[in-house]
Amino acid sequence: MRYSAFSIFRNALSGNLTWKSQWRKPEPKPHYDVIIVGGGGHGLAAAYYLAKEFGIRNVAVLEKGYLGSGNVGRNTTIVRSNYMLAGNEPFYEFSMKLWEGLEQELNYNVMLSQRGVIMLYHSDGQRDAYIRRGNAMWMEGVAAELIERDALKKMIPFLNYDNARYPILGGLLQRRAGTARHDAVAWGYARGADRHGVDVIEHCEVTAIRRDGGRVTGVETTRGFIGCGKLALAAAGNSSQVGQMADLKLPLESYVLQAFVTEGLKPCIDHVIVYGGGHFYISQSDKGGLVFGGAIDGYSSYAQRGNLATAEHVMEEGVSMIPGLSRVRVLRSWAGIMDMSMDGSPIVDRTPIDNLYVNAGWCYGGFKATPASGYCFAHLIARNDAHPVARPFRLDRFARGYAIDEAGVGPQPNLH
Amino acid sequence: MASLITCPHCGVRPKEEFTIRGDASLMRPAPMASEEAWHDYVYVRANPRGRSFEHWQHAAGCRRFLVVERDTLTHEVHSVTDGAVLATRSGR
Amino acid sequence: MSAYRLPTGGLVDRSRPLAFRFDGRSMRGFAGDTLASALLANDQVLVGRSFKYHRPRGIVSAGSSEPNALVTIGFGARSDPNTKATVTELYAGLAARSQNRWPALSFDVGAVTGLLSPFLAVGFYYKTFMWPAAFWEKVYEPLIRRASGLGRAVLEPDPERYEKSWAHCDLLIVGAGPTGLMAALTAGRAGLRVILADEDFRLGGSLLSEARVIDSVAAHVFADRVVAELQTLPNVTLFPRTTVFGWYDDNVLGAVERVQKHVAEPASGTAQPRRRRSLPIWV
Ligand SMILES: Cc1cc2nc3c(=O)[nH]c(=O)nc-3n(C[C@H](O)[C@H](O)[C@H](O)COP(=O)(O)OP(=O)(O)OC[C@H]3O[C@@H](n4cnc5c(N)ncnc54)[C@H](O)[C@@H]3O)c2cc1C
């Protein structure tokens, strides 16, 4: 059913009882041309673009839980393309452009809100680093603005400008960046993929990968064996686990990242604000909650829950950036499993196994990548050739000396 | 992670006193080992879901490097051993 | 006083009246009232507006599960938005304001959205606000943002000080109702280090509203007696006004104690000028 003013009016007249479910609940077929493991944003987007752009419709997305139960439904929804390195920026800008047309593309309101992302700087050195980053963005055709202290004070008055340790001297602003409604992204792609014939199969966990010589023949699942021509992994925090089923060892470690939301408040924070004195970021959802997060819990984990020390640390940083936050109550906190890579950048590539493809290593920044990741993964699966903007994300880049290390901390996944 | 780590030298201490230094199951290759061996050592991880071995340094305590045997799913700590003791014991 | 205020009974102290304000109006309650009970005693039945359609809302609960009676307490940098009237201890000079209404609680323009409710089914926003494309951020989103959210955060520098301290015990009891009190008493008498935490300002839980008699005294008197004995045990620590909010690895629990939230201005210059204490408890 297409969503339009008319469909809303007509359904209202019938008491909203006639809406059709947004995607089918199909039984798995014995064989698909392509199976995608993981019904998060990336898996669903890849399926959508495979069917719509590359004409491969006999596709299944296998999700062990319900749609959106992974990181796509747990993130803090920041969407931006303000990267510095040439390996990253074109990809994230491609993603940003896809975001800008996504509502019309999917006929689904994913509530992209280009409210601006501002990254604060607290020292001359940090300012210089941000100027450099801004220039790198301009070289890729992406607008960036340096907002100095006085202008910033007018824009965001409630920051702690005179903090003795981390005075706020200004910020780097990308106006086109912002937030999107994360669940709607998963649902919108699922609905879109379904309409193009993709089987989105929930509660279907892949437990083993069956191989015949150098090729994958299918997957064992909690709903039986399903054969496939090509197998594509998009399992985010569980990528190492799924990879291992095909003896694929990845340059990843899994960590927990927590997020928090306050009670609903009237509009008070209009941008996404990123603290430069530590690791903290905040924005306000359309519902009114202040959504914020910080660094990962620093130990590897698959627990999908964090600990108090990190929660306290995140909030302390928040209060040092916005002192008035100390009077706002936190409503909920939760966590997701991060597939932290050795250089903080993702992997979208073929593998030593002929018909096995992998999409992983998104760390805590893969939500913004969802449209481009899906598009480029579909391109790779369909054509056996990387999309130009995703070409740097090779699995063998560490061996070849082409790590893409934005943070510059080397192969220490918990520091990226 | 566990909130508490029992340091063999200092007793039960809060986790915040420790710094995590990564996978302790990796064996450093010989200096002249192949590039592939070094690549695997530096970049490739088993990333286990379950029992794991990690180096934790008791940075705000005795400063020793410890090997913490821990479950990455339940966060239960099974053992904590001084790194040097473990290395000697396993003939490293 | 109103029809709702009974001449006798309950746990208020009728000899200690307290003056407070709600939406600028002067009202009177008694020591021992919550803000909610005091509002009802003043015939203030309408206390808030619903989140989406701004429908009129009254008090529905007597505890921390209250969904409706959310108010802002205090002014300026000392504002506490979204505070539940049902767990707010009344004090002299308390100033509360209703939320999510304009221009006034009794006449709220936002309530017109109620007329649109047939079109605003669950999840409607994903299906609409897409035409024309440019309108989402310029028109629809600002409207939605303004309509939603309840209280207003001031975001001025907070003048108050807070502290963090650790607590340790053999047994943590969350909730000082009859079960919690008796568990604390039994474990306390046996010599365990006990912490008893309850988010209410008065310990007793359901005993405080229980009409029956225990040990030939009123239930709340029984509760007071247990509390009095617990206070004599050096190995038992009582934490009223303390909310336990999370259970973490290795039996570390997070709690927040509202140390001086029940006074208009926290005492200054004393050893305890803090309003709130975060309290990780190791069990
Ligand atoms: C707290 C938090 C905050 C974040 N904030 C941001 C942010 O602000 N901006 C940003 O860009 N990114 C952010 N991220 C990162 C982003 O959410 C992820 O990088 C991204 O969602 C990962 O891709 P995905 O959506 O496909 O993952 P997921 O939604 O996790 O999808 C993977 C799916 O695979 C499934 N799966 C795993 N194993 C199997 C199996 N064996 N069989 C079948 N299915 C399986 C899982 O159940 C899961 O649903 C954040 C993440 C978290 C946790």
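Keep in mind the model is a prediction, meaning the values are calculated, not measured.

Moving on, we get to the packing of helix α3 (residues 89-100) of chain A against helix α10 (residues 370-383) of chain A. Geometry of a packed helix pair, given as the angle between the helix axes and the separation of the axes. Residues and elements named next belong to chain A. Between α3 and α10, whose axes approach to 7 Å, the crossing angle comes to 105°. Viewed along their axes, α3 and α10 adopt a mutual orientation that is roughly perpendicular. Across the interface between the two elements, F91, F94, S95, L98 and W99 from α3 touch T370, P371, A372, S373, Y375 and C376 from α10. Considered class by class, the residues forming the contact of α3 with α10 number eight nonpolar, three polar and no charged.

With that out of the way, let us pick up the domain arrangement of chain C. Residues and elements named next belong to chain C. In terms of domains, chain C is made up of domain 1 (1-157) and domain 2 (162-282). For domain 1 and domain 2, the distance between their C-alpha centres works out to 28 Å. Contact with domain 1, which involves 10 residues of that partner, is made by 13 residues of domain 2. Roughly 1000 Å² is buried in total at the junction of domain 1 and domain 2, and carbon and sulfur atoms are behind 53% of that figure. The partner of E89 in a salt bridge is R241, with the nearest N and O atoms 2.8 Å apart. Across the domain 1-domain 2 interface, the total number found is two residue pairs in polar contact (both at pLDDT 80 or more).

Here the focus is the site of the ligand. All names here are of chain A. Around the ligand sit 37 residues, and of these E63, N71, T76, Y364 and K368 come closest. Within the backbone of G41, an N or O atom sits 2.8 Å from an oxygen atom of the ligand. At 3.0 Å from an oxygen atom of the ligand is found a main-chain nitrogen or oxygen belonging to G366. Secondary-structure elements contributing two or more residues to the shell around the ligand are α2 (41-53), β12 (252-262) and β17 (330-341). The element best represented in the shell around the ligand is β12, accounting for three residues. Residue composition of the shell around the ligand, grouped by class: 17 nonpolar, 15 polar and five charged. The residues that make up the shell around the ligand include at least three from each of domain 1 (24-78 + 182-252 + 343-415) and domain 2 (114-176 + 254-341).

Below, the discussion takes up the interface of chain C and chain A. With 52 residues of chain C in contact, the opposing surface of chain A contributes 47 residues. Here chain C packs against chain A, burying approximately 4200 Å² in sum over the two surfaces, 53% of which is carbon and sulfur. At the boundary of chain C with chain A, the tally comes to seven salt bridges. For the salt bridge of C:K164 with A:E312, the shortest nitrogen-to-oxygen distance reads 2.8 Å. There are 30 residue pairs in polar contact (both at pLDDT 80 or more) connecting chain C and chain A. The set of elements that each furnish at least two residues to the side of chain C that touches chain A consists of β6 (80-84), α2 (124-127), α3 (135-147), β8 (162-164), β15 (242-248), β16 (252-258) and β17 (276-278) of chain C. Tallying contributions element by element places α3(C) first for the side of chain C that touches chain A, with seven residues. By residue class, the composition of the side of chain C that touches chain A is 26 nonpolar, 10 polar and 16 charged.

Analysis parameters
Residues numbered from 1 in each chain as written. Chains lettered and ligands numbered in written order. Predicted model: local features only at pLDDT ≥ 70, side-chain atom pairs only at ≥ 80, totals over all residues. Heavy atoms only, no water. Axes fitted to C-alpha atoms, helices over the stretch in contact; angles between N-to-C directions. Helix = DSSP H or I, 4+ residues; strand = E, 2+ residues; numbered from the N terminus. Parallel < 35°, antiparallel > 145°, perpendicular 65-115°, else oblique. Contact = heavy atoms within 4.5 Å. Nonpolar A, V, L, I, M, F, W, Y, C, P; charged D, E, K, R; others polar. Domains from an automatic or database assignment. Buried area = accessible area lost by both parts, 1.4 Å probe. Salt bridge = Lys/Arg side-chain N within 4 Å of Asp/Glu carboxyl O. Polar contact = N/O pair within 3.5 Å; in protein donor to acceptor, adjacent residues only side chain to side chain. Near = heavy atom within 4 Å.

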